[in-house]
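Residue-level structure breakdown
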Amino acid sequence: MEVPPSRDTMSTRRRFLGRLSVGLSLLAGALVGIPVVGFITRSLFRRVPQRWRDIGSLDDFPVGTTLLVSFENAHVEQWAEESGNSGAWVRHEMPEDFTAFSTNCTHLGCPVLWQAKAGLFLCPCHGGVYHDDGSVASGPPLHPLVRLPVRVSAGRVEIGTSPIVMA
């Protein structure tokens, strides 16, 4: 005849299995959590310096025009290749007076298009409209287009880049 396990044996087994499941849960949480925490802290504390990118000579930007330019983002991984490039709309207001806007709508990041005749930036995705100064004219965007720093150095137009952040 088989002897049933005693209460002490069942209690010990239950305690062991409970501790084992807690330990395995903690291990699984650490395996998932440590990389996430590492990514967040690396992103928060790593400062990528602003870099100035040459986008052309003064002659490439006639006064009164708004042109699309492409430049390498400030923080590009080796594998990024073409995807490491960013774009900007550069307006040449007056001699040596430039304004640059990100090409991305502040609503959901779709690329905005410049409509010279209307003097507006249009977002084809959800109908966002921006004035020529980047301010919101209508549609879903709540924020103006992101402005980028521009300078003229030795007859060359340069744009200040930093890691791309959506507003």
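Our subject is the structure listed above.
Scope of this entry: the structure provided in the associated data block. Source: prediction; values computed, not measured.

Notes on the pattern of salt bridges
All chains considered together, the criterion is met by four salt bridges. In this structure, the salt-bridge partner of aspartate 54 is arginine 156, at a minimum N-O distance of 2.8 Å. A residue pair is termed long-range when its members are at least 10 positions apart, and aspartate 54 in strand 1 (residues 51-57) and arginine 156 in strand 11 (residues 156-161) qualify at 102 residues. Across the pair arginine 91 and glutamate 93 runs a salt bridge whose closest N-O atoms are separated by 3.0 Å. Here the salt bridges share partners, and the residues they tie into one network are Arg91, Glu93 and Asp132.

Topic: the sheet that holds strand 2 (residues 66-72)
Read across the open sheet, the four strands follow the order 2-3-4-9; overall the sheet is antiparallel. Two strands close off the open sheet at either side, each with one partner strand: strand 2 and strand 9 (147-148). Alignment of strand 3 (residues 85-94) against strand 4 (residues 97-102), held across six bridges, turns out to be antiparallel. Bridge pairing in strand 4 places valine 90 opposite alanine 100.

Let's talk about the packing of aromatic side chains
All told, the structure shown has four aromatic pairs when counted by the stated rule. Each ring, one from phenylalanine 101 and one from phenylalanine 121, has its centre 5.5 Å from the other, and the planes form 70°; the classification is edge-to-face. Here the residue phenylalanine 101 occupies a position in strand 4, and phenylalanine 121 occupies one in strand 6 (residues 120-122), the gap between them amounting to 20 residues. Of the two residues examined, phenylalanine 101 and phenylalanine 121, each falls in the buried class. With a centroid separation of 4.7 Å and 50° between ring planes, the pair formed by tryptophan 114 and phenylalanine 121 is classed as tilted. Phenylalanine 121 carries the same exposure label as tryptophan 114, and that label is buried. Through a chain of ring-to-ring contacts, the aromatic side chains of Trp89, Phe101, Trp114 and Phe121 assemble into a single cluster.

About the cut-offs
- Residues numbered from 1 in each chain as written.
- Predicted model: local features only at pLDDT ≥ 70, side-chain atom pairs only at ≥ 80, totals over all residues.
- Heavy atoms only, no water.
- Salt bridge = Lys/Arg side-chain N within 4 Å of Asp/Glu carboxyl O.
- Helix = DSSP H or I, 4+ residues; strand = E, 2+ residues; numbered from the N terminus.
- Pairing = 2+ DSSP bridges.
- Phe/Tyr/Trp six-rings, centres within 6.5 Å; stacked < 30°, edge-to-face > 60°.
- Buried < 20%, exposed > 50% of the residue type's maximum accessible area, 1.4 Å probe, protein only.

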